[in-house]
Amino acid sequence: QVQLVESGGGLVQAGGSLRLSCVASGRTFSKNAMGWFRQAPGKEREFVAGIRWSGNTNYADSVKGRFTISRDNVKNTVYLQMNSLKPEDTAVYYCAADRTPYGMVLSGRNQYDYWGQGTQVTVSS
């Protein structure tokens, strides 16, 4: 059974940093796209960042220059380094994985087949 488990969320002041981790189990995702999404109260779940099997990345405009997605295929883990956090970054952050190898689309929710349970990130002003 495939599981994605996020960690690293918490409460941080504006301008601070957090590093989220997502550990996958049940299969390897070294040939698959993985991504991070977030959902704030009362809002739709939105794309944050994605990384292809090749290491190519894509970011939402709202986080470009502040967030960095990376992956460690040996550890079957994807990370999201978040710097210069703003109150509007407050949300539950979800990790996602594409079941199909060599997928190119990163920003579409429907592209992903597996989801984690989410980790809360709260940025105070």
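Relevant structure appears above.
Let us look at the structure shown here.

Rules used in this analysis
- Residues numbered from 1 in each chain as written.
- Predicted model: local features only at pLDDT ≥ 70, side-chain atom pairs only at ≥ 80, totals over all residues.
- Heavy atoms only, no water.
- Disulfide = S-S within 2.5 Å.
- Helix = DSSP H or I, 4+ residues; strand = E, 2+ residues; numbered from the N terminus.
- Buried < 20%, exposed > 50% of the residue type's maximum accessible area, 1.4 Å probe, protein only.
- Pairing = 2+ DSSP bridges.
- Salt bridge = Lys/Arg side-chain N within 4 Å of Asp/Glu carboxyl O.

### Overview of the state of the cysteines
All told, the structure shown has one disulfide when counted by the stated rule. Shown here is the disulfide that connects Cys22 with Cys95, its sulfur atoms set 2.1 Å apart. Classification of the bridge connecting Cys22 and Cys95 rests on its S-S torsion, roughly -75 degrees, and on that basis the disulfide is left-handed. In this pair, Cys22 is assigned in strand 3 (residues 18-25) and Cys95 in strand 9 (residues 91-101), connecting sequence segments 73 residues apart. Accessibility classification places Cys22 together with Cys95 in one group, the buried group.

### Some details on the pairing of strand 1 (residues 3-7)
Each regular strand shows side chains that alternate between the opposite faces of the sheet. On strand 1, burial follows the alternation: Leu4 and Glu6 on one face are buried, whereas Gln3, Val5 and Ser7 on the facing-out side are not. Sheet topology places strand 1 next to strand 3; five bridges connect them, and they run antiparallel. Residue pairing in the sheet places Gln3 in a bridge with Ser25 of strand 3.

### Observations concerning the pattern of salt bridges
This model, assessed by the stated rule, comprises six salt bridges. Linking Arg99 and Asp113 is a salt bridge whose minimum nitrogen-to-oxygen distance equals 3.8 Å. In this pair, Arg99 is assigned in strand 9 and Asp113 in the loop between strand 9 and strand 10 (114-115), connecting sequence segments 14 residues apart. A relative accessible area of 48% means that Arg99 is categorised as partly exposed. The network of salt bridges with common partners includes Arg38, Glu46, Arg66 and Asp89.

### A closer look at the pairing of strand 3
Alignment of strand 3 against strand 8 (residues 77-82), held across six bridges, turns out to be antiparallel. Its bridge partner being in strand 8, Leu20 is matched across the sheet by Leu80.

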